[in-house]
Amino acid sequence: MEAFLVNVYKLNSKVMATVKVKLRPSSVEGKAGVIYYQITHNRKTQQITTRLRVCPSDWDAYEEKLVQGAPNRSMIQDRINSDVALLRRVILDLDSCGVGYSVSDIINRYKSPQSHILTLDYMRTQVEQLRATNRLGTAKNYEKTMCSFGEFLGDVRLPLSALTEHVVTDYNAFLVQRGLVRNSVSFYMRVLRAIYNKAVRQKLIEQQHPFTEVYTGIDRTRKRAVSESIIAQLHRLELEVGTPLAFCRDMFIFSYCTRGMAFVDIAYLKKSNLQNGMICYARRKTGQLLSVRIEPSIQRIIDRYADTESPYVFPILNSLDANEAYEQYQVALNTHNRLLGRLSEMLGCGCKLTSYTSRHSWATAARNHNVPISVISQGMGHTSEQTTQIYLTMLENSVIDDANRDIVKGLN
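Because the structure is a prediction, the values reported are computed rather than measured. (Residues numbered from 1 in each chain as written. Predicted model: local features only at pLDDT ≥ 70, side-chain atom pairs only at ≥ 80, totals over all residues. Heavy atoms only, no water.)

Peer 1: What exactly am I supposed to notice about the packing of aromatic side chains here?
Peer 2: Aromatic ring pairs are described here by two measures, namely the spacing of the ring centres and the angle between the planes. Per the stated rule, a full pass over the model turns up 13 aromatic pairs. Taking 5.9 Å as the distance between ring centres and 65° as the angle between the ring planes, the aromatic pair formed by Y196 and F211 counts as edge-to-face. With Y196 in helix α7 (residues 182-201) and F211 in the loop between α7 and α8 (228-236), the pair connects residues that are 15 residues apart, well separated along the chain. Of the two residues, Y196 and F211, both sit in the buried class. (Phe/Tyr/Trp six-rings, centres within 6.5 Å; stacked < 30°, edge-to-face > 60°. Helix = DSSP H or I, 4+ residues; strand = E, 2+ residues; numbered from the N terminus. Buried < 20%, exposed > 50% of the residue type's maximum accessible area, 1.4 Å probe, protein only.)

Peer 1: Help me out: how do you make sense of the sheet that holds strand β1 (residues 18-24) in this one?
Peer 2: In sheet architecture, strand pairing relies on hydrogen bonds along the backbone and comes in two forms, parallel and antiparallel. In space, the 3 strands of this open sheet follow the order β1-β2-β3, with antiparallel pairing throughout. Looking at strand neighbours, the two that pair on one side only are β1 and β3 (44-54), the edges of this open sheet. Across the sheet, the axes of successive neighbouring strands diverge by a mean angle of 25°, strand direction being ignored. For strand β2 (residues 33-41) and β3, the ladder comprises 8 bridges, and the chain directions are antiparallel. Among the inter-strand pairings, Y37 is bridged to a residue of β3, identified as I48. The strands touched by helix α2 (residues 73-96) within the sheet are β1, β2 and β3, with β2 carrying the most contacts at an inclination of about 15°. With respect to the sheet, helix α3 (residues 103-110) is in contact with β2 and β3, its orientation differing from that of β3 by roughly 35°. (Pairing = 2+ DSSP bridges. Axes fitted to C-alpha atoms, helices over the stretch in contact; angles between N-to-C directions. Contact = heavy atoms within 4.5 Å.)

Peer 1: What should I look at first to understand the pattern of salt bridges in this one?
Peer 2: When their charged atoms lie close together, side chains carrying opposite charge are able to pair. Counted under the stated rule, the structure contains 8 salt bridges. The salt bridge partner of D121 is R124, with a shortest N-O separation of 3.0 Å. Here R124 and D121 lie together in helix α4 (residues 119-132), a separation of 3 residues that amounts to about one turn. Judged by its relative accessible area of 37%, D121 falls in the partly exposed class. Owing to a relative accessible area of 36%, R124 belongs among the partly exposed residues under this scheme. Residue R131 is joined to E143 by a salt bridge in which the shortest nitrogen-to-oxygen separation is 2.6 Å. Here E143 lies in helix α5 (residues 136-153) and R131 lies in helix α4, a separation of 12 residues in the sequence. Judged by relative accessible area, which is 39%, R131 ranks as partly exposed. Taking the relative accessible area as the measure of exposure, E143 reaches 28% and is therefore partly exposed. Through salt bridges with shared partners, a single ionic network connects R249, D250 and R304. (Salt bridge = Lys/Arg side-chain N within 4 Å of Asp/Glu carboxyl O.)

Peer 1: I keep staring at the packing of α5 against helix α6 (residues 165-177) and nothing clicks. Help me out?
Peer 2: How two helices pack is summed up by the angle between their axes together with the distance between the axes. Close contact between α5 and α6 brings their axes to 10 Å; oriented N to C, the two are set at 100°. Relative to α6, the element α5 is oriented roughly perpendicular. Across the interface between the two elements, T145, S148, F149, E151 and F152 of α5 pack against V167, D170, Y171, F174 and L175 of α6. (Parallel < 35°, antiparallel > 145°, perpendicular 65-115°, else oblique.)

Peer 1: Mind showing me how you'd approach the environment of I195 here?
Peer 2: Turning to its location among the elements, I195 is positioned in helix α7. Counting along the chain gives 76 residues from I195 to T119, while the straight-line C-alpha distance between them is 9.3 Å. Those residues in contact with I195 that lie beyond four places of it in its chain are Y122, M123 and Y142.

Here you go:
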């Protein structure tokens with residue numbers, strides 16, 4: 001009876017396929033061997049040869065992994081772990097179907113193109129899609145991250161499924177060693193995370209949360225705002241009409257007067273955006289719709305550069321082609337910041353004006369005029385008040401001292 005029950009158990013139980021990682025030594029002494037995966041199921045075995053090469057002295061055959069201190073250990077071991085995890089997931093999927101399968105079925109599914117999309121190939125696809133939809137700024141950020149991550153990978157062909165926590169932390173360390181500041185490192189991490197999460201949403205990979213150990217926030221940057229008196233001094237600065245410096249100053253003042261309109265939005269501003277005494281436009285960064293009342297100071301600058309031939313409000317762009325216009329914008333932005341540096345020297349205020357300064361300064365001025373942060377946030381087109389907080393500089397000591405004086409008076 002016991003023998004009968006044992007046989008029934010064997011017939012009804014599922015025999016899980018096994019995966020082992022092995023090193024095939026090179027036929028040439030002293031050269032690295034090749035890592036291969038051995039899959040066994042129903043007493044049949046097949047092998048998958050990889051491109052991973054490891055010296056015998058760097059391989060622990062019993063533990064089936066690289067020894068500590070092996071060259072490129074983290075990168076190679078992550079690739080092995082990813083491949084083994086993928087093979088086991090394939091086996092689980094086949095088991096769950098309740099239908100018999102062979103070793104060849106496991107290998108064929110494992111080798112399917114969808115299972116091995118390379119990270120850089122996927123990033124390149126995302127860049128192309130962004131360009132096709134004219135999201136050129138985001139495309140540039142993605143391409144910049146792709147180039148940086150490609151430099152980090154070197155010759156390693158990393159599949160999306162192998163983008164693990166170890167790879168991300170190693171990339172983070174790579175950026176730090178290159179001398180990047182925390183916010184710059186965070187920029188690359190945020191872009192890479194956005195790409196990774198999109199692959200998850202497309203069900204190309206499973207969510208493994210590889211970014212939990214790296215910083216992806218935004219630190220408060222150094223003070224970029226200038227006082228209202230500096231803005232007024234710049235506005236009164238005597239500059240020859242029609243010169244690049246005068247135009248640069250006018251674009252800075254226009255930005256300040258339009259609640260810190262970003263230079264990119266000023267460049268792309270069209271006459272069709274001027275309606276019934278209002279400037280109505282969508283932020284190119286977020287797509288958020290904003291409207292600004294045209295005050296007399298704003299109208300004077302608009303009138304100064306009126307051109308009946310151009311669809312644009314200001315002579316910054318002259319092409320309607322998306323790629324050409326974006327290239328013109330990039331050149332104009334660089335020129336704008338260079339000229340703002342010269343204006344900073346002419347003011348002699350010890351500050352450095354940039355295209356961001358007008359935006360930060362308007363936010364700080366509004367706060368100093370007791371405008372609620374929620375209103376400032378809405379006026380600037382921010383998606384959260386936390387973003388607005390980054391723009392606001394600390395209150396001047398004199399303001400805090402005045403408030404403290406009122407508090408201390410209560411003790412007398």
